[in-house]
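Read off the chains here:
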Amino acid sequence: MGIRQTKSASQLLAELEMFSIPENRLGMARFGIDVSSALGVLVPNIRSVGKSVVKNHVLAEELWQTGIHEARILASLIDIPAEVTRDQMDRWANDFNSWDVCDQVCGNLFDRVIFAERAISDWHQDEREFVKRAAFAMIAWRAVHLKNAPDALFEAYLPLIEAASNDNRNFVRKAVNWALRQIGKRNIVLHISALNVASRLAASSDGASRWIGSNAVRELDNAALVARLG
């Protein structure tokens, strides 16, 4: 990997624009992404730009404030988790208008911020679709990234998942399902707990809960997965 350099927001925007392919916006739109402020830059190219620059909290805020779709993803790549404030998390989450920005910010940055637990607690019942999604996206990413976290942390998320399972909004229910599946793939103990929740939801009379549970059961009730976890 090359040496990271100090760059300005305008320099980074110019680099993103070099990767801009307007036709990509059509593909993004087909996947339910809001492209009203998008340049049409693929995520691997955004990551490439991010790897070239020294991480900088102030610069990340400058990029976020541009409102440009890809610049906001880039902001999450170059911000510094230790410098992110609780207020910033709320401000950025309030700006979420697309599932991919939500998921990238949560997985690149928010899930490792010291206030992540507080944010999950505050957001998991939020009425705003992408803010609520962010709570469960963070749970999913924490299940992936926090390798040494105790099982109790993830057991505590399961009641939040059950409580949110009746939210039929597409981007919420998919994140709830994602969080449940990722918890179930951490180890055999959590696999059993997550599969029990998934089975209960799959038997629910509520359509959203049934979809979340059935989808999770299909992935978790797998002999190869159990063997790997065991």
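Residues numbered from 1 in each chain as written. Predicted model: local features only at pLDDT ≥ 70, side-chain atom pairs only at ≥ 80, totals over all residues. Heavy atoms only, no water.

In this section: the state of the cysteines. Covalent bonding between the sulfur atoms of two cysteines is what defines a disulfide. Using the criterion set out here, one finds 0 disulfides in the structure. This cysteine, Cys102, is not joined by any disulfide, and Cys106 carries the nearest cysteine sulfur, 4.4 Å off. Its relative accessible area of 0% is what places Cys106 among the buried residues. (Disulfide = S-S within 2.5 Å. Buried < 20%, exposed > 50% of the residue type's maximum accessible area, 1.4 Å probe, protein only.)

Packing of helix H4 (residues 57-65) against helix H6 (residues 86-95) leaves a shortest axis separation of 12 Å and a crossing angle of 25°. On the basis of their axis angle, the class for H4 and H6 is roughly parallel. The interaxial crossing formed by H4 with H6 has left-handed handedness. For the pair H4 and H6, the contacting residues are His57, Ala60, Glu61, Trp64 and Gln65 in the first and Gln88, Arg91, Trp92 and Asp95 in the second. (Axes fitted to C-alpha atoms, helices over the stretch in contact; angles between N-to-C directions. Helix = DSSP H or I, 4+ residues; strand = E, 2+ residues; numbered from the N terminus. Parallel < 35°, antiparallel > 145°, perpendicular 65-115°, else oblique. Left-handed = near helix turned anticlockwise from the far one by under 90°. Contact = heavy atoms within 4.5 Å.)

Taken across its 10 residues, helix H5 (residues 69-78) has 10 buried, putting it largely inside the fold. When we look at burial in H5, the residues that qualify are His69, Glu70, Ala71, Arg72, Ile73, Leu74, Ala75, Ser76, Leu77 and Ile78. Against the buried residues of H5 lie helix H1 (9-18), helix H2 (24-30), helix H3 (43-51), H4, H6 and helix H7 (99-108).

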